[in-house]
Amino acid sequence: MEDTDRNESEEHDCEQEIEKSTVSDETHQEKHNGSAKTTADPFYVRLLFTPLDFVSMAFLSITLVPIRMVAAFIALTLAWAVSCIGLTNIDQTVPVSGWRKPLQWISCFLGRICCRCCGFSVTITGTQVPKSVAPVLVVAPHSSFFDALAIFWTGLPFIVNREENKNLLFIGKCVQFAQAIFVSRERKESREECKEEIKRRVNSKQPWEQFLIFPEGTTSNRKALMSFKPGGFLPGKPVQPVLIRYHLKHDTVSWTWDQPHGFIACFMYTMFQLRNKVELEFLPPYEPSEPEQMDPVLFASNVRREMSDALGVPLCDMSFEDIKNKYSKKKEQ
């Protein structure tokens with residue numbers, strides 16, 4: 001009963017903070033070591049750079065960043081070429097094996113190089129368990145497209161990706177070779193097929209890689225943990241929670257709903273930093289109880305609670321639709 005009251009209290013507090021931000025964004029900002037200090041609104045991001053920060057970014061933009069971009073382009077091109085070779089006459093209904101497996105490892109390694117070219121320095125806390133112990137990796141909080149680095153540092157597990165990303169230049173082939181499950185959000189049939197494919201692979205005795213999922217279904221600034229979608233919990237198998245912690249002077253990586261800068265600025269501001277520290281923390285595997293095996297929503301909720309406690313952040317129970325409607329109305333005002 002106490003846990004229920006606590007959940008409702010935290011979710012109510014989260015919604016109250018967001019409502020406050022709608023009334024006055026200025027109340028969220030105060031200068032603190034040259035960056036914006038925010039309250040608990042999980043969708044609010046403002047970057048306040050000092051003159052010294054701009055000098056540093058300008059210097060790096062003409063010295064280190066060009067080298068990084070060239071190296072990243074070479075690594076991405078090689079990953080694309082390797083993926084194209086591996087996709088030749090491939091059967092995507094079975095896990096990659098034989099001569100294709102080393103190509104997957106090469107693709108994964110090149111993915112790490114691309115992340116390092118963006119300035120990321122990744123440290124690992126805890127131990128990743130094998131698929132036999134936990135076939136599903138649950139990664140949160142989800143705040144950026146940069147979170148994809150978790151895929152490369154966990155050994156290239158398969159993921160769920162949007163259908164439209166299948167044909168992205170360079171990246172599309174890499175995602176296909178990683179044997180992602182593609183889904184169209186607009187078609188109910190596609191969503192149902194995706195659920196069945198997740199269950200088939202996770203429960204299969206074939207040597208599929210682990211399944212990695214970002215269960216929040218939207219991005220935030222990591223100041224709260226959003227509601228979890230039950231997709232990754234449908235098989236009823238043990239999961240291993242994985243926390244992403246960015247240790248940054250400025251939150252250049254967040255790409256969420258309430259911020260004045262977009263994708264390109266987010267990417268470039270991050271590239272212009274000398275070093276972007278990120279930590280992947282592997283928590284102990286979570287073994288579902290019998291009721292949780294029968295109820296993926298309950299399973300997801302309890303794992304979310306454990307991850308929230310480990311992160312030390314509140315829960316926010318707004319759905320993707322709630323968030324979209326809220327910020328669509330805000331833009332119209």
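All figures in this text were calculated on a predicted structure; none of them were measured in a lab.

Visitor: Residue-level account of the packing of aromatic side chains, with values.
Guide: Taken as a whole and assessed by the stated rule, the structure comprises 16 aromatic pairs. Ring centres of Phe145 and Phe146 lie 4.6 Å apart, and the angle between their planes is 45°; on these two criteria the pair is classed as tilted. Seen from their ring centres, Phe145 and Trp255 are 5.4 Å apart, and the 75° between their planes marks the pair as edge-to-face. Of the two residues, Phe145 sits in the loop between strand E4 (136-140) and helix H5 (149-152) while Trp255 sits in the loop between strand E9 (239-247) and helix H8 (263-271), which places them 110 residues apart along the sequence. Of the aromatic side chains, those joined through ring pairs into one cluster are Phe120, Phe145, Phe146, Tyr246, Trp255, Phe263 and Phe267. For the cation-ring pair, Arg201 lies above Phe158, with the distance from its terminal atom to the ring centre recorded as 4.8 Å.

Visitor: Can you lay out helix H4 (residues 100-117) for me, pointing to particular residues and giving the numbers?
Guide: Under the 1.5 Å per step criterion, the end-to-end length of H4 is 26 Å for 18 residues, consistent within 8% with the ideal 26 Å. Within H4 the residues assigned to the buried category are Arg100, Lys101, Leu103, Gln104, Ser107, Cys108, Leu110, Gly111, Cys114, Cys115 and Cys117. Contacts made by the buried residues of H4 are with helix H3 (64-86), strand E3 (120-125), H5, helix H6 (171-177) and H8. With its phi angle positive at about 90°, Gly119 sits one or two positions after the end of H4.

Visitor: Describe in detail the sheet that holds strand E7 (residues 211-213), supporting the description with residues and values.
Guide: Strand order in the open sheet formed by five strands is E3-E10-E9-E4-E7, with mixed pairing between adjacent strands. Either end of the sheet is taken by a strand with one partner, and the two such strands are E3 and E7. Each neighbouring strand pair of the sheet contributes to a mean axis angle of 25°, computed without reference to strand direction. Bridge analysis of E3 against strand E10 (residues 276-282) gives six bridges, and the strand direction is parallel.

Visitor: I'd love a proper account of the pattern of salt bridges, names of residues and values included.
Guide: Under the criterion given, the structure shown has twelve salt bridges. Measuring nitrogen to oxygen at the nearest pair gives 3.5 Å for the salt bridge that ties Lys195 to Glu192. Here the residue Lys195 and the residue Glu192 both occupy positions in helix H7 (residues 188-203), the gap between them amounting to three residues, near one helical turn. Judged by its relative accessible area of 35%, Glu192 is partly exposed.

Visitor: Residue-level account of the packing of H3 against H4, with values.
Guide: A pair of packed helices can be characterised by two numbers: the angle between their axes and the separation between those axes. Between H3 and H4, the shortest axis-to-axis distance is 9 Å and the interhelical angle comes to 160°. Taken as axis vectors, H3 and H4 run roughly antiparallel relative to one another. Pair H3 / H4 crosses with left-handed handedness. Seen from H3, the contacting residues are Arg68, Ala71, Ala72, Ala75, Leu76, Leu78, Ala79, Val82, Ser83, Ile85 and Gly86; seen from H4, they are Arg100, Leu103, Ile106, Ser107, Leu110, Ile113, Cys114 and Cys117. Of the residues contributing to the contact of H3 with H4, the split by class is 14 nonpolar, three polar and two charged.

Visitor: Before we move on, could you go through the pairing of E9 and cite the residues and values that matter?
Guide: Most of E9 sits inside the fold, with seven of its nine residues counted as buried. Inspection of the sheet shows E4 paired to E9 by five bridges, in the parallel sense. Along E9, the bridge assignment pairs Ala140 with Leu243. By the bridge criterion, six bridges tie E9 to E10 in an arrangement that is antiparallel. The residue bridging Leu243 from the neighbouring strand is Glu281, located in E10.

Visitor: Please give an account of the side chain of His142 that cites residues and values.
Guide: Relative to the helices and strands, His142 resides in the loop between E4 and H5. A polar side-chain atom of His142 sits 2.7 Å from a polar atom in the side chain of Asp147. Discounting residues that sit within four places of it in the chain, His142 has contacts with Asp147, Phe214, Glu216, Thr218, Thr219 and Ser220.

Visitor: Break down unusual backbone geometry for me, citing the residues and quoting the values.
Guide: A cis amide bond, omega -5°, links Ala140 with the succeeding residue Pro141. In this fold, Pro141 is placed in the loop between E4 and H5. Backbone geometry at Asn89 places phi at a positive 55°, although glycine is not the residue there. Note that Asn89 resides in the loop between H3 and H4. Even without glycine at this site, Leu156 takes up a positive phi of about 60°.

Visitor: Tell me what's going on with H7, and back it up with residues and numbers.
Guide: Compared with an ideal rise of 1.5 Å per residue, which puts 16 residues at 22 Å, H7 spans 23 Å between its outermost C-alpha atoms and is within 8% of the ideal. Those residues of H7 that fall on the buried side of the exposure criterion are Ser190, Cys194, Glu197, Ile198, Arg201 and Val202. Angular distribution of buried residues about the axis of H7 spans 120°; they occupy a single face of the element. Structural note: H7 exposes Lys188 and Glu193 on the side pointing more than 90 degrees away from its buried face.

Each value, and the rule that gives it
- Residues numbered from 1 in each chain as written.
- Predicted model: local features only at pLDDT ≥ 70, side-chain atom pairs only at ≥ 80, totals over all residues.
- Heavy atoms only, no water.
- Phe/Tyr/Trp six-rings, centres within 6.5 Å; stacked < 30°, edge-to-face > 60°.
- Helix = DSSP H or I, 4+ residues; strand = E, 2+ residues; numbered from the N terminus.
- Lys NZ or Arg CZ within 6 Å of the ring centre and 35° of its normal.
- Expected span 1.5 Å × (residues − 1).
- Buried < 20%, exposed > 50% of the residue type's maximum accessible area, 1.4 Å probe, protein only.
- Contact = heavy atoms within 4.5 Å.
- Pairing = 2+ DSSP bridges.
- Axes fitted to C-alpha atoms, helices over the stretch in contact; angles between N-to-C directions.
- Salt bridge = Lys/Arg side-chain N within 4 Å of Asp/Glu carboxyl O.
- Parallel < 35°, antiparallel > 145°, perpendicular 65-115°, else oblique.
- Left-handed = near helix turned anticlockwise from the far one by under 90°.
- Nonpolar A, V, L, I, M, F, W, Y, C, P; charged D, E, K, R; others polar.
- Polar contact = N/O pair within 3.5 Å; in protein donor to acceptor, adjacent residues only side chain to side chain.
- Arc of directions from axis to C-beta.

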